[in-house]
Amino acid sequence: MAPQSTVAKLLARGRQLLWSYAAKAQEFVCGKKNGVPKKKNGGLKRIGRGSFATVYSCGGYAVKRIANVKVGLKEAEIALEIKRNGGHRHIVELKRVIERDDEVIIVMQLAAGDARSLVPGRTEERNQRPYIEMVFRMTTQVAKALEWMHGGDMSHNDIKPDNVLFTSTMPRRGPDHFLLTDISPTNVMSPVYAAREQIRDNAGSPAADMFALGALVQEMLTGDRPRWVGEDDMEPKEQGAFWYGRGSGSLKRRPPVLPASCPELLRDIIESCMQDNPDDRPTAADVVRMLEAAVVQ
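Below: a short report on this structure. (Residues numbered from 1 in each chain as written. Predicted model: local features only at pLDDT ≥ 70, side-chain atom pairs only at ≥ 80, totals over all residues. Heavy atoms only, no water.)

Details of the layout of surface pockets
Rolled over the atoms, a probe with the dimensions of a water molecule shows which regions are left empty. Quick reminder of the rule: In this analysis, the protein atoms alone were mapped onto a 1 Å grid. Cavities are point sets where a 1.4 Å probe fits without being able to get out; pockets are open sets with protein on both sides within 12 Å along at least five of seven lines; lining residues have an atom within 4 Å of a point. Grid points are joined across faces, edges and corners, and a volume is the space filled by probe spheres set on the points. Side-chain classes are defined by residue name, with Ala, Val, Leu, Ile, Met, Phe, Trp, Tyr, Cys and Pro counting as nonpolar, Asp, Glu, Lys and Arg as charged, and the others, Gly among them, as polar. Numbering goes from the N terminus for both helices and strands, where a helix is a DSSP run of H or I of at least four residues and a strand is a run of E of at least two.
Here the largest pocket is characterised by a volume of approximately 1,100 Å³. The residue inventory of the lining of the largest pocket, partitioned by class, reads 21 nonpolar, eleven polar and nine charged. In this structure, the second largest pocket encloses a volume near 270 Å³. If you trace the second largest pocket, you find 18 residues lining it, with Ala79, Ile91, Val92, Glu93 and Leu94 closest to the centre. Listing elements by their share of the lining of the second largest pocket, those giving two or more residues are helix 2 (69-84) and strand 5 (104-109). Tallying contributions element by element places helix 2 first for the lining of the second largest pocket, with five residues. Here the lining of the second largest pocket is composed, by residue class, of nine nonpolar, four polar and five charged.

Structure representation (structure tokens):
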């Protein structure tokens, strides 16, 4: 075990590095170059972490640090293209992109939380009408964002609860406004939510986005992620090989088990979006029309 003095030095060095990065982020966001920001409103707070990136809140913004420069530049290019095209009210707003030698930093609109944090642990809570209505709102707004993206020859490629944000929430009603974030390069995905052809071909598409939309809504209503037929019988190494396209030819998704309280329209959207054949899935525009014409039963 390291002597106490050594441990103290390491901890002090860690704090120094954190505040150094906080100062950089404050400079990026606010244009300030002098000094470490005040802890009250300028320090970094980690709010998310993924395979390639860590996201912090700083000065009222979300600061995404992407250590893989190649992935970061591709993601930044997509975000800039969205901004050049006028953006969309249900896609997180880009503020600034900073390219460094060893990382890419993307400064974005800061949200209040993600959809995963909204999923109740108890079935009876997921069956309550205010929650079902909130899932309707979320699905409609995500579908509208996808309709806009697909109309501009773009796809999201990584739809999942972590990548659907909300800006605020109301007592009993829940969030009113949702945003898509982390729009990914076509070969970056979360295999658990990906369509089989996306895993097999290592490429996203509008049809693959629709599969993931169905998977997203399924998890919001059931509290459980999508699963594969035979997945429980596979060893961890076999699961990894399957998820990354080296053994996916013969396996299919397990049909979702939806609660009896699930509205028929949401059931139809989940089942149609998660069709194995991409040609059998609805478009985002189809889903928007279905939802806008509906009333929660």
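Past the structure itself, the notes keep going.
Describing the nonpolar core
The condition that has to hold: Among buried residues, those of type Ala, Val, Leu, Ile, Met, Phe, Trp, Tyr and Cys that are joined through side-chain atoms within 4.5 Å constitute a nonpolar core. A simple rule labels every residue: compare its accessible area, found with a 1.4 Å probe on the protein chains alone, to the largest value its type can have, and call it buried under 20%, exposed over 50%, or partly exposed in between. Residue contacts are counted whenever heavy atoms from the two residues lie within 4.5 Å of one another.
Among the nonpolar cores identified, the biggest contains 48 residues, and Met220 and Leu266 are the most heavily contacted of them. Elements represented by at least two residues in this core include exactly helix 2, helix 4 (129-151), strand 7 (164-166), strand 10 (178-180), helix 6 (206-222), helix 8 (264-273) and helix 9 (284-292). Broken down by element, the residue count for this core peaks at eleven residues, all from helix 4. Contact partners of methionine 220, with chain neighbours within four places excluded, come to Ala115, Leu118, Val119, Arg126, Tyr131, Met134, Val135 and Met138. Val55, Ala62, Ile66 and Leu94 belong to the second largest nonpolar core, which has ten residues in total.

Details of the pattern of salt bridges
Our working definition: The working definition used for a salt bridge is a side-chain nitrogen of Lys or Arg within 4 Å of a carboxyl oxygen of Asp or Glu.
Here the structure, examined in full by the defined rule, presents 20 salt bridges. The salt bridge partner of lysine 95 is glutamate 93, with a shortest N-O separation of 3.4 Å. On the basis of relative accessibility, which here comes to 39%, the residue glutamate 93 falls in the partly exposed class. Ionic pairing is found between arginine 129 and glutamate 133, a salt bridge with its closest N-O pair at 2.9 Å. Taken as a pair, arginine 129 and glutamate 133 lie in helix 4 at a separation of four residues, close to a single helical turn. By relative accessible area, glutamate 133 is classed as partly exposed at 25%. Sharing partners across several salt bridges, the network here consists of Lys64, Glu75 and Asp182.

A closer look at the packing of helix 8 against helix 9
Convention followed: Geometry is summarised by axes, namely lines fitted to C-alpha atoms with helices restricted to the contacting stretch, and by angles between N-to-C directions that run from 0 to 180 degrees. Angle categories: roughly parallel below 35 degrees, roughly antiparallel above 145, roughly perpendicular from 65 to 115, and oblique for all the rest.
One can describe the packing of helix 8 onto helix 9 by two numbers: an axis separation of 11 Å at closest approach and a directional angle of 170 degrees. On the basis of their axis angle, the class for helix 8 and helix 9 is roughly antiparallel. Note on element contacts: helix 9 touches helix 8 through Val287, Met290 and Leu291, opposite Leu265, Leu266, Ile269 and Cys273.

A few points about the sheet that holds strand 6 (residues 113-114)
Inclusion rule: One bridge is not enough; two strands pair if DSSP finds at least two bridges between them.
With antiparallel pairing, the three strands of this open sheet are ordered in space as 6-7-10. In the strand order of this sheet, the two ends are held by strand 6 and strand 10, each with one partner.

Focus: empty space enclosed by the protein
For the structure on display, the rule yields one cavity of 30 Å³ or more. Taken together, Asn157, Asp158, Ile159, Met189, Ser190, Tyr193, Ala194, Gln198, Ala208, Asp209 and Ala212 make up the lining of the largest cavity. Among the elements that line the lining of the largest cavity, the one with the most residues is helix 6, at three residues. For the lining of the largest cavity, the class distribution of residues is six nonpolar, three polar and two charged.

Topic: the environment of glutamate 271
Mapping glutamate 271 onto the fold places it in helix 8. A residue is classified by how much of its surface remains accessible, and glutamate 271, at 38% relative accessible area, is partly exposed. The spacing of glutamate 271 and proline 255 is 16 residues in sequence and 8.2 Å in space, taken between C-alpha atoms.

Here's the deal with helix 8
The periodicity of an α-helix, 3.6 residues per turn, causes residues three or four places apart in sequence to face the same way. Of the residues making up helix 8, those classed as buried are Leu265, Leu266, Arg267, Ile269, Ile270 and Cys273. For helix 8, the secondary structure elements touched by its buried residues are helix 4, helix 6 and helix 9.

Any functional reading would require information that these geometric values do not contain.
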